Amino acid sequence: MMQKCLWASLATTIFLVGAAGCDDAADTVNDALPGEASREARITQIAEAACDRYADTEAGCPGYGAGDEQTYATEGDCQRDFEERAANLWPASECGSGQINESRYDVCEERAKAVACSESIFDAIAALDECSAESVCTDPADE
């Protein structure tokens, strides 16, 4: 039960932090460069990676189901949750297509997988830092 409470707190924190930087009026999407993943593709990719990790019971992760230790009943539930979190953390106005730093994204993905499996508050805090728009997104003017 404690893990569910920690996970719910993390979800609320991520939502609040992500929503604070959201401006629907400014949600413009830049074209990604050839070979560069779009914001939407990265959102899907990080959700898939985290949910694949969550399902890995052989690695000690909770796996899907309705037990007390399980946050997600299905892979679809997990996917929707992580996609929503990533979309909130990376508003299109700050992190449009072509603005996701590849190496910083990779670090964020590893943190997301750690949070999905361990649900540790320390992993959650590290993930917020490593996965924030400030960490992952780049300003095209800086390129």
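Up top is the structure these notes are about.
Residues numbered from 1 in each chain as written. Predicted model: local features only at pLDDT ≥ 70, side-chain atom pairs only at ≥ 80, totals over all residues. Heavy atoms only, no water.

Participant: So what's going on with the state of the cysteines? Residues and values would help.
Facilitator: Enumeration over the complete set of coordinates arrives at 4 disulfides. Each sulfur in the disulfide pair Cys95 and Cys137 lies 2.0 Å from the other. Looking along the S-S bond of the Cys95-Cys137 disulfide, the torsion reads about -95°, which is the left-handed sense. Highlighted residues: Cys95 in helix H4 (residues 92-95) and Cys137 in the segment after helix H7 (133-136), separated in sequence by 42 residues. (Disulfide = S-S within 2.5 Å. Helix = DSSP H or I, 4+ residues; strand = E, 2+ residues; numbered from the N terminus.)

Participant: Break down the packing of helix H5 (residues 102-118) against helix H6 (residues 121-131) for me, citing the residues and quoting the values.
Facilitator: As a packed pair, H5 and H6 sit with axes 9 Å apart at the nearest point and diverge in direction by 160°. By the angle class used here, H5 and H6 are roughly antiparallel. The interaxial crossing formed by H5 with H6 has left-handed handedness. Here H5 contributes Arg104, Val107, Cys108, Arg111, Ala114, Val115 and Ser118 to the contact with H6, which in turn contributes Asp123, Ala124, Ala126, Ala127, Glu130 and Cys131. Partitioning the contact of H5 with H6 into residue classes produces 8 nonpolar, 1 polar and 4 charged. (Axes fitted to C-alpha atoms, helices over the stretch in contact; angles between N-to-C directions. Parallel < 35°, antiparallel > 145°, perpendicular 65-115°, else oblique. Left-handed = near helix turned anticlockwise from the far one by under 90°. Contact = heavy atoms within 4.5 Å. Nonpolar A, V, L, I, M, F, W, Y, C, P; charged D, E, K, R; others polar.)

Participant: Could you give an account of H5, with specific residues and numbers?
Facilitator: In a regular helix each residue adds 1.5 Å, so 17 residues correspond to 24 Å; H5 covers 25 Å between its end C-alpha atoms and thus fits that length. Every buried residue of H5 is accounted for by Tyr105, Cys108, Glu109, Ala112, Val115, Ala116 and Cys117. Looking one or two residues past H5, Glu119 carries a phi angle of roughly 55°, positive in sign. (Expected span 1.5 Å × (residues − 1). Buried < 20%, exposed > 50% of the residue type's maximum accessible area, 1.4 Å probe, protein only.)

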